[in-house]
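Residue-level structural notes
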Amino acid sequence: MIKKASVAAPNAPELKDATETTFVIDNPNANYEYACVATGTEPANSDFKQFSEGKITGLIVNTSYDLYARAKATDTAFASSNSEATTASTLDHRWSTDLKYDETHHWNYCLNEGCNEKQPGTYAEHNPSDYEKLEGSKHNILCYNCGAVITAAVNCTSDAEWEYDANQHYKTCGCGN
């Protein structure tokens, strides 16, 4: 009969990186298992896993967690007791000041690498109140907020009289631009 040995608890894990949904453990040990649980929660045996390349994914934005390490059980040794906890928080979103857009809407977006979240409350329909002069009597109708082309190459004709301001003479297009 083989007698299993007891193993001392490892040092608390150290973080190499944190994003809004991921932690990366610095120098993960292939002989260790790691647990990531809500701060103040003692990990269960089922919480310990071998994380590929020390990467813990699927976490909640701007949330605090406790990370633990323990030596894995082997044929000759029991799993160690848990390390001390390392408390860490995922990052909050960093929102853009410029807008991304598609054919119908624009929005502010998260600048954090790998995050595709739209900033709540910024997803809005285009606002067609600007234009871009093209050659001849054509112009693009643009979104006033994001600059997206809403309607391309509108061909306008105008029987309007010449108008002017301090900088230029112009005719107003029949479509209002």
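No experiment lies behind these values; they were computed from the predicted model shown. (Residues numbered from 1 in each chain as written. Predicted model: local features only at pLDDT ≥ 70, side-chain atom pairs only at ≥ 80, totals over all residues. Heavy atoms only, no water.)

Looking at the overall build of the chain
- Scanning the chain from N- to C-terminus turns up 0 helices and 14 strands.
- Each helix and strand of the chain, ordered N terminal to C terminal, gives the series β-β-β-β-β-β-β-β-β-β-β-β-β-β.
- Burial analysis of the chain (177 residues in total) assigns 31% to the buried set.
- Partitioning the contacts of the chain with sequence separation of at least 6, the portion at a separation of at least 24 is 45%. (Helix = DSSP H or I, 4+ residues; strand = E, 2+ residues; numbered from the N terminus. Buried < 20%, exposed > 50% of the residue type's maximum accessible area, 1.4 Å probe, protein only. Contact = heavy atoms within 4.5 Å.)

Brief notes about the packing of aromatic side chains
- Within the structure shown, the criterion is met by 3 aromatic pairs.
- Centre to centre, the rings of Phe 23 and Tyr 65 are 5.9 Å apart; their planes meet at 85°, and the pair counts as edge-to-face. Taken together, the residues Phe 23 in strand β2 (residues 23-25) and Tyr 65 in strand β5 (residues 64-71) connect sequence positions 42 residues apart.
- What makes Phe 23 buried here is its relative accessible area of 0%.
- Ring plane angle 35° and centroid distance 5.8 Å describe the contact between Trp 107 and Tyr 123, whose orientation is recorded as tilted. (Phe/Tyr/Trp six-rings, centres within 6.5 Å; stacked < 30°, edge-to-face > 60°.)

Overview of the side chain of His 106
- Counting through the fold element by element, His 106 comes out in strand β8 (residues 105-107).
- Within polar-contact distance, the side chain of His 106 engages the side chain of His 126 at 3.3 Å.
- If sequence neighbours within four positions are ignored, His 106 has contacts with Leu 99, Lys 100, Tyr 101, Thr 122, Tyr 123, Ala 124, Glu 125, His 126, Asn 127, Cys 143, Asn 145 and Cys 146. (Polar contact = N/O pair within 3.5 Å; in protein donor to acceptor, adjacent residues only side chain to side chain.)

Observations regarding the sheet that holds strand β4 (residues 55-56)
- Sheet architecture is open: 3 strands sit in the order β1-β2-β4, paired in antiparallel fashion. Unpaired on one side and paired on the other, β1 (15-18) and β4 mark the two borders of the sheet.
- As judged from the 3 bridges shared by β1 and β2, these two strands associate in the antiparallel manner. From the neighbouring strand, Asp 17 faces β2, where its bridge partner is Val 24. (Pairing = 2+ DSSP bridges.)

Some points on the nonpolar core
- Counting 12 residues, the largest nonpolar core is built from Ala 18, Phe 23, Ile 25, Tyr 34, Cys 36, Phe 51, Ile 56, Leu 59, Tyr 65, Leu 67, Ala 69 and Ala 88.
- Among the secondary structure elements, those contributing two or more residues to this core are β2, β3 (32-38) and β5.
- Looking at this core element by element, the count peaks at 3 residues for β5.
- Those residues in contact with Leu 67, other than ones at most four positions away along the chain, are Pro 13, Leu 15, Phe 23, Ala 35, Cys 36, Ile 56, Glu 84, Ala 85, Thr 86 and Ala 88. (Core = buried A, V, L, I, M, F, W, Y, C linked by side-chain atoms within 4.5 Å.)

What to know about the pattern of salt bridges
- Scanning all chains against the criterion turns up 1 salt bridge.
- With its nearest N and O atoms 2.9 Å apart, the salt bridge here joins Arg 70 to Glu 33. Of this pair, Arg 70 sits in strand β5 while Glu 33 sits in strand β3; the two residues are 37 residues apart in sequence, bridging distant segments of the chain.
- Judged by relative accessible area, which is 10%, Arg 70 ranks as buried. (Salt bridge = Lys/Arg side-chain N within 4 Å of Asp/Glu carboxyl O.)

Quick notes on the environment of Ser 89
- The residue Ser 89 is located in strand β6 (residues 86-89) in this model.
- Since its relative accessible area comes to 41%, Ser 89 is described here as partly exposed.
- The sequence separation of Ser 89 and Thr 19 amounts to 70 residues, and the corresponding C-alpha distance is 8.8 Å.
- Excluding residues within four positions of it along the chain, Ser 89 makes contact with Ala 18, Phe 23, Thr 63 and Ser 64.

Points about the sheet that holds β3
- On the basis of which strands lie adjacent, the open sheet formed by 3 strands has the order β3-β5-β6 and antiparallel pairing. Two strands in the sheet have a free side with no partner beyond their single neighbour: β3 and β6. Averaged over all pairs of adjacent strands, the angle between their axes in this sheet comes to 30°, without regard to strand direction.
- Taken together, the 7 bridges between β3 and β5 define a ladder with antiparallel strand orientation. In the sheet register, Val 37 faces β5, and the bridge partner there is Asp 66. (Axes fitted to C-alpha atoms, helices over the stretch in contact; angles between N-to-C directions.)

Keep in mind these values describe shape, not function.
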